Amino acid sequence: MTGASNRSVERAFRIVDELAENGGGRVSELADRLEMPVSTVHNYLQALVETGYVTVEDKEYSTTTRFLEVGHRQRHRLEVFQAVSDELQDIAAETGEHVTLMVEENDQCVIVAVQEGPDAVNLFAYPGARMPLHAAAPGKAILAHMSDDRVQEIIDRQGLIEMTNQTITDPDVLFDQLEEIREQGYAIDEGERIAGMVCISAPVLDKSDEIRGAICVCGPQSRIDEARRAEIADIVKRSANVTQVNLDYV
C-alpha cells in the first residue's frame with residue numbers, strides 16, 4: 001500500500017473515531033475538530049455512507065450498527081469466547097457482581113463479553129471497550145503470562161498511564177507484581193482503574209500454557225473484604241480452569 005493510500009485509510013478511521021466518540025456530528029464540526037478541510041471530510045463521509053458504515057440525517061452524520069456486526073462476527077471467531085460458555089453467567093449469579101472476559105489486542109485489554117449479577121455496579125462496560133493492560137486486574141493477569149521482553153515492549157509503546165492515584169506507574173513495581181500474580185494464580189486491582197472498585201481476575205491459558213484471555217469479577221471495595229476476595233479468587237480460578245479445558249474441544 002502506498003503512502004497516499006495509508007494516509008487515506010488513516011483519515012477515514014480518524015473520522016469514524018471522532019463520530020463514535022462524540023455520538024455524531026456535522027461536516028464543519030468534524031472538520032474543525034480534526035483540523036481537516038471541509039471538502040475532504042465531506043468526501044470521506046460520503047464514501048463511508050455508501051459503504052454502510054456511516055449514516056446521515058438532517059446533515060448530522062453518525063456511525064451505524066455495521067460496526068457492531070463486524071465486531072460480533074469477530075468475537076464469535078475467538079476460541080476463548082466459545083470456550084467460556086456459561087461460565088460468566090454462572091459467576092455473575094454466584095457472586096452477584098460484574099463479570100467480564102477480556103483479551104489482549106494491540107497492547108490493550110479488550111472486553112469480549114460481560115455479565116452482570118443482581119448486585120452489580122453499572123460500570124458502563126461493553127464488548128469492545130478497551131483499557132490499559134497495566135491498570136486492570138485482567139490486563140495484569142494477561143501480562144503476567146507474557147515474556148518479560150514482550151511486557152517491556154508494551155510498556156515502551158504504551159507507557160504506564162495513570163488512571164487513578166492507585167495505578168502502577170513504576171515498571172519495577174509492575175514486574176514485581178506480575179511475578180506475584182504468576183505465583184498465586186490471580187490478579188487484583190484495588191481502585192487502579194476505577195476508584196473505589198476492586199477487581200479480581202484469573203488468566204485463561206491453553207494446553208500449551210499460552211495466555212488466551214482473563215476472567216474478571218469487579219465490585220465495590222465496601223463489600224469485597226479480604227475473606228470475599230479469597231472466595232472470588234477461587235471462583236475465577238475455577239472458571240478459568242474450566243474454560244482452559246473447554247478450549248481443547250473448540
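Residues numbered from 1 in each chain as written. Predicted model: local features only at pLDDT ≥ 70, side-chain atom pairs only at ≥ 80, totals over all residues. Heavy atoms only, no water.

## What about the layout of surface pockets?
If a probe as big as a water molecule is rolled over the atoms, it shows which places are left empty. As a reminder of what qualifies: In this analysis, the protein atoms alone were mapped onto a 1 Å grid. Cavities are point sets where a 1.4 Å probe fits without being able to get out; pockets are open sets with protein on both sides within 12 Å along at least five of seven lines; lining residues have an atom within 4 Å of a point. Grid points are joined across faces, edges and corners, and a volume is the space filled by probe spheres set on the points. Any residue outside Ala, Val, Leu, Ile, Met, Phe, Trp, Tyr, Cys, Pro, Asp, Glu, Lys and Arg is labelled polar, Gly included; the first ten of those are nonpolar and the last four are charged. Bear in mind that the domain bounds are from an automatic or database domain assignment.
A volume near 1,300 Å³ is recorded for the largest pocket. Lining the largest pocket are 38 residues, with Gly-71, Glu-105, Pro-127, Gly-128 and Arg-130 sitting closest to its centre. Tallied by class, the residues present in the lining of the largest pocket amount to 21 nonpolar, nine polar and eight charged. Taken domain by domain, the makeup of the lining of the largest pocket includes at least three residues from each of domain 1 (7–63) and domain 2 (71–247).

## Quick word on the UniProt feature "domain: IclR-ED" (unreviewed entry) in the protein
The criterion, for reference: UniProt positions are given in the numbering used here, feature names are shortened, and annotations may be inferred rather than shown by experiment. For the purposes of this entry, the term helix denotes a DSSP run of H or I that reaches at least four residues, the term strand denotes a run of E that reaches at least two, and both are numbered from the N terminus.
When the UniProt feature table is mapped onto this chain, "domain: IclR-ED" (unreviewed entry) is found at residues 66–249. The span residues 66–249 is 44% helical and 23% strand by assignment, and the distance between its end C-alpha atoms comes to 31 Å.

## A few points about unusual backbone geometry
At Asn-106, a residue that is not glycine, the phi angle is positive and equals roughly 50 degrees. Relative to the assigned elements, Asn-106 resides in the loop between strand 3 (98–105) and strand 4 (108–116). Phi at Phe-124 takes a positive value of approximately 55 degrees, unusual for a residue other than glycine. Tracing the sequence through the fold places Phe-124 in the loop between strand 4 and strand 5 (130–132).

## A look at the domain arrangement of the protein
Split by domain assignment, the protein resolves into domain 1 (7–63) and domain 2 (71–247). A straight line from the C-alpha centre of domain 1 to that of domain 2 covers 34 Å.

## Concerning the pattern of salt bridges
Rules: By definition, a salt bridge exists where a carboxyl oxygen of Asp or Glu is found within 4 Å of a side-chain nitrogen of Lys or Arg. Think of it in three bands: residues with accessible area under 20% of the maximum for their type are buried, residues over 50% are exposed, and the middle band is partly exposed, with areas taken using a 1.4 Å probe on protein chains only.
Considering all chains together, one arrives at 15 salt bridges under this definition. When the shortest N-O distance is used, the salt bridge between Glu-97 and Arg-228 registers 3.0 Å. Within this pair, whereas Glu-97 is found in the loop between helix 6 (87–95) and strand 3, its partner Arg-228 is found in helix 10 (residues 226–247), the two being separated by 131 residues in sequence. Since its relative accessible area comes to 19%, Arg-228 is described here as buried.

## Brief notes about the UniProt feature "domain: HTH iclR-type" (unreviewed entry) in the protein
Within this structure's numbering, the places UniProt gives as "domain: HTH iclR-type" (unreviewed entry) are residues 6–65. Helix and strand shares over residues 6–65 are 65% and 13% respectively, and the end C-alpha atoms of the span are 25 Å apart.

## Side note on the pairing of strand 1 (residues 54–57)
Note the cut-off: The rule for pairing is simple: two strands pair if DSSP sees at least two bridges between them.
Here strand 1 pairs with strand 2 (residues 60–63) via four bridges, running antiparallel. Bridge pairing in strand 2 links Thr-55 to Ser-62. Two successive antiparallel strands, strand 1 and strand 2, enclose a turn made up of two residues, where Asp-58 displays a positive phi of approximately 50 degrees.

## Regarding the state of the cysteines
Put plainly, two cysteines are in a disulfide when a covalent bond ties their sulfur atoms together. Rule in force here: Any cysteine sulfur atom paired with another within 2.5 Å is treated as part of a disulfide.
Counted under the stated rule, the structure contains one disulfide. Here Cys-199 connects covalently by a disulfide to Cys-218, the sulfurs 2.1 Å from one another. Residues Cys-199 and Cys-218 are joined through a disulfide that is right-handed, its torsion about the S-S bond being 115 degrees. Of the two residues, Cys-199 sits in strand 7 (residues 197–205) while Cys-218 sits in strand 8 (residues 211–220), which places them 19 residues apart along the sequence. The residues Cys-199 and Cys-218 share a single accessibility class, namely buried. Just so you know, Cys-109 is unpaired, no disulfide at all, and the nearest cysteine sulfur is the one on Cys-216, 8.2 Å from it. For Cys-109, a relative accessible area of 0% corresponds to the buried category. With no disulfide partner, Cys-216 has as its closest neighbouring cysteine sulfur the one in Cys-218, 3.7 Å distant.

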